[in-house]
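Given next are the chains, with one letter for each unit.
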Amino acid sequence: MPTALIWFRRDLRLSDHPALVAAVEAAGRDGTVVPVFVVDPRLWETSGRPRREFLRGCLADLREQTGGALVIRSGDPARVLPDLVRETGAESVHLSADAGVYGRARDAAVEGALGDVPFVRTGSPYGVTPGRLTKDDGTPYKVYSPFARAWRARGLHGPAPRPDDVAWAADVRTEDLPPAQDLDGTVLPPAGERAGRDAWALFRDQRLLGYATSRNTPGTDGTSRLSAHLKYGTVHPRTLFAEAQQLGEDHAEAVDKFVGELVWRDFYADVLWHRPETAREPFNGQMKAMQYDSGPAADEHFTAWAEGRTGYPIVDAGMRQLHGEAYVHNRVRMVVASFLCKDLHVDWRRGARYFLDHLVDGDLASNHHGWQWVAGTGTDPSPYYRVFNPTRQGQQFDPDGAYVRRWVPELRDVPDRYVHEPWTMPGGPPEGYPAPIVDHAEERQVALARYQAVRDA
């Protein structure tokens, strides 16, 4: 009786899963499919607790959906998977392609260890698999806008059908779910494929229509909140794209903006595919010479930023949201990143690592290249002079202070006119809330001078 193995990674669902379809077809009518997830120590130990706990919830859901058949094993996949193939007699191993730096090397090692057993990559976690879109001369895109035009011109395949009545292999030895994580009060969204579908339905039916504008206002629930589900593949962007295209003309502007965010995700994955060193180094090599601060004073500034004690309300609200929900609103992510890099002059890599440790949706490609975009070291063709003014950002996008008041209780009773600059209140900021740790106008000039020095060199 033929047996096929499906190795789940960042595709923790059964719907719209081309690799699962391929595994079912390989097993045939009389065969069985072995579903497996490998807890890789190199990934588990370097992930923050929110990501570990969300992953645990996704695995619990997947185990339920497979009728308890999901096999969990721990260890180096290059050892675990060949052992499991021998144990089950699997004749092929199926998986979604991994575009990550470590994932590509790991998969090559597994393929080599399997020897003659087919190692079949079908699909990927992206709308367009990284590396597939190139310019006419075959070189990769370095700027988002032309990449987006090529992405939209190419279009996406329709969702893959969900297999009916999969014959999951029974009685294969499995380990327990990974251990639950102590989140110290952080509240995560529900995990798993059902939760991902519910999150999409809520956004599509109640929030999408005003998304083009509401996505910028952190005091409202205007974003999709799908990033963690996309990270772990409880939904696929192809599914979202296909269903969004079916909405009426009144949704056209919102759908266009939402699709643009899916394209950004694909773009950054494509950048990392072609330039794996950008997980550690600036995309713009000239910016390796950028001067950053270090030492005790810089460490104190970093700690104040991380704890939400900078004296700039929108920055502090964002960092406190990070610890409260393992998530930060998309616009606020740019504001807090800009403040760390350009007001406090701290290396973007330190902030990017901190985000990965605390975000439930932490994704290397999107996270690190988003930080580089803000830091002025990335793909944006003219980024160095962009310095977000935290006070103006708060006043423009959180005009009534709803976001700040939610996350900074010291400012809940402050009148609207002072909520984004409480240091201007008669008598200064309320008791318990700090004065600004730096002067934004002065630090902006320092940042611009440092960027100009790099350009002049």
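Residues numbered from 1 in each chain as written. Predicted model: local features only at pLDDT ≥ 70, side-chain atom pairs only at ≥ 80, totals over all residues. Heavy atoms only, no water.

Engineer: So what about the overall build of the chain? Which residues, and what values?
Structural biologist: The secondary structure content of the chain amounts to 19 helices and five strands. Its C-alpha atoms give the chain a radius of gyration of 23 Å, within 12% of the compact-globule value 23 Å for 457 residues. Along the longest, intermediate and shortest principal axes, the C-alpha atoms of the chain span 80 × 50 × 50 Å. A buried classification covers 56% of the 457 residues belonging to the chain. Excluding contacts between residues fewer than 6 apart, the proportion of contacts in the chain whose partners are at least 24 apart in sequence is 79%. For the chain, the accessible surface area stands at approximately 19600 Å², while carbon and sulfur atoms represent 48% of it. Computed over 54 positive and 63 negative side-chain charges, the inter-centroid distance for the chain is 3 Å. (Helix = DSSP H or I, 4+ residues; strand = E, 2+ residues; numbered from the N terminus. Rg over C-alpha atoms; globule rule 2.2 N^0.38 Å. Buried < 20%, exposed > 50% of the residue type's maximum accessible area, 1.4 Å probe, protein only. Contact = heavy atoms within 4.5 Å. Areas by Shrake-Rupley, 256 points an atom, 1.4 Å probe, with all protein chains shown as cover. Lys, Arg positive; Asp, Glu negative; His and termini not counted. Charge placed at Lys NZ, Arg CZ, Asp CG, Glu CD.)

Engineer: An account of helix α19 (residues 440–456) is requested, with residue identities and associated values reported.
Structural biologist: In a regular helix each residue adds 1.5 Å, so 17 residues correspond to 24 Å; α19 covers 24 Å between its end C-alpha atoms and thus fits that length. Regarding α19, the residues found buried are H440, E443, A447, L448, R450, Y451 and V454. Down the axis of α19, the buried set is contained in an arc of 160°. They therefore lie on one face. Those residues of α19 that are exposed and aimed more than 90 degrees away from the buried face are E442 and D456. Turning to α19, the residues buried within the fold contact α14 (330–343), α16 (364–375) and α17 (390–397). (Expected span 1.5 Å × (residues − 1). Arc of directions from axis to C-beta.)

Engineer: Describe the nonpolar core, and please don't skip the residues or the numbers.
Structural biologist: Of all hydrophobic cores here, the largest spans 78 residues; its most connected members are W151, L240, F258, W305, V315, F355 and W371. Element by element, the count of residues in this core is highest for helix α11 (residues 252–274), at ten residues. Grouped together as the second largest cluster of nonpolar side chains are 29 residues, L14, L20, A69 and A326 included. (Core = buried A, V, L, I, M, F, W, Y, C linked by side-chain atoms within 4.5 Å.)

Engineer: Residue-level account of the packing of helix α10 (residues 237–245) against α11, with values.
Structural biologist: Running from N to C, α10 and α11 point in directions that differ by 165°, and their axes come no closer than 11 Å. The orientation of α10 relative to α11 falls into the category roughly antiparallel. Here α10 runs over α11; the crossing is left-handed. Contacts between α10 and α11 involve P237, L240, F241, A244 and Q245 on the former and, on the latter, V255, F258, V259, L262 and R265. Across the contact of α10 with α11, the residue classes tally to eight nonpolar, one polar and one charged. (Axes fitted to C-alpha atoms, helices over the stretch in contact; angles between N-to-C directions. Parallel < 35°, antiparallel > 145°, perpendicular 65-115°, else oblique. Left-handed = near helix turned anticlockwise from the far one by under 90°. Nonpolar A, V, L, I, M, F, W, Y, C, P; charged D, E, K, R; others polar.)

Engineer: Explain unusual backbone geometry to me, and be specific about the residues and the numbers.
Structural biologist: For D16, which is not glycine, the phi torsion reads 45° and is therefore positive. Structurally, D16 is set in the loop between β1 (3–8) and α1 (18–27). Phi at D171 is positive, roughly 65°, even though this residue is not glycine. Looking at the element boundaries, D171 is found in the loop between α6 (144–154) and α7 (193–207).

Engineer: How would you sum up the pairing of strand β2 (residues 32–39)? Please name residues and give values.
Structural biologist: β2 sits mainly inside the fold: eight of its eight residues count as buried. Here β2 shows two buried faces, one formed by T32, V34, V36 and V38 and the other by V33, P35, F37 and V39. Across six bridges, β1 lies against β2 in parallel orientation. Counterpart to A4 in the pairing with β2 is V33. Where β2 lies against strand β3 (residues 71–74), four bridges are found, and the strand directions are parallel. Considered in β3, the bridge of V38 is made with R73. (Pairing = 2+ DSSP bridges.)

Engineer: Residue-level account of the pairing of β1, with values.
Structural biologist: Burial of β1 is extensive: six of the six residues sit out of reach of the surface. By the alternation rule, side chains of β1 split into T3, L5 and W7 and A4, I6 and F8, which are all buried. With α1 bridging β1 and its parallel neighbour β2, the resulting β-α-β unit is right-handed. Taken together, the three bridges between β1 and strand β4 (residues 92–95) define a ladder with parallel strand orientation. Within β4, the position partnered with I6 by the bridge is H94. (Right-handed = clockwise from strand over helix to strand, strands pointing away.)

Engineer: So, the sheet that holds β4: which residues are in play, and what are the values?
Structural biologist: Here we have five strands laid out as an open sheet, ordered β3-β2-β1-β4-β5, and parallel in their pairing. Each edge of the open sheet is held by one strand with a lone partner, namely β3 and β5 (119–121). Strand-to-strand, the axes of this sheet are offset by a mean angle of 30°, without reference to chain direction. This element, helix α4 (residues 77–88), spans β1, β2, β3 and β4 of the sheet and lies at about 155° to β2.

Engineer: So, helix α5 (residues 101–114): which residues are in play, and what are the values?
Structural biologist: For α5, spanning 14 residues, the distance from its first C-alpha to its last is 21 Å, which sits close to the expected 20 Å at 1.5 Å a residue. Residues of α5 that are buried make contact with β1, α2 (41–44), α4, β4 and β5. Backbone geometry just downstream of α5 places G115 in the positive-phi region, at approximately 65°.

Engineer: Account for the side chain of S224, with residues named and values stated.
Structural biologist: Residue placement: S224 occurs in the loop between α8 (211–214) and α9 (227–232). Taking relative accessible area as the criterion, S224 reaches 13% and is therefore assigned buried. Not counting residues up to four positions away in its chain, the partners in contact with S224 are A199, F203, Y211 and F258.

Engineer: Provide a residue-level description of the packing of α6 against α11, including the pertinent values.
Structural biologist: Packing of α6 against α11 leaves a shortest axis separation of 10 Å and a crossing angle of 110°. Between α6 and α11, the angle falls in the class roughly perpendicular. The two elements α6 and α11 meet at a crossing, and its hand is right-handed. For the pair formed by α6 and α11, the contact residues are Y144, F147, A148, W151 and R152 on the first element and D256, V259, G260, V263, W264, D266, F267 and D270 on the second. Broken down by class, the residue content of the contact of α6 with α11 amounts to eight nonpolar, one polar and four charged.

Distances and angles like these do not, on their own, reveal function.
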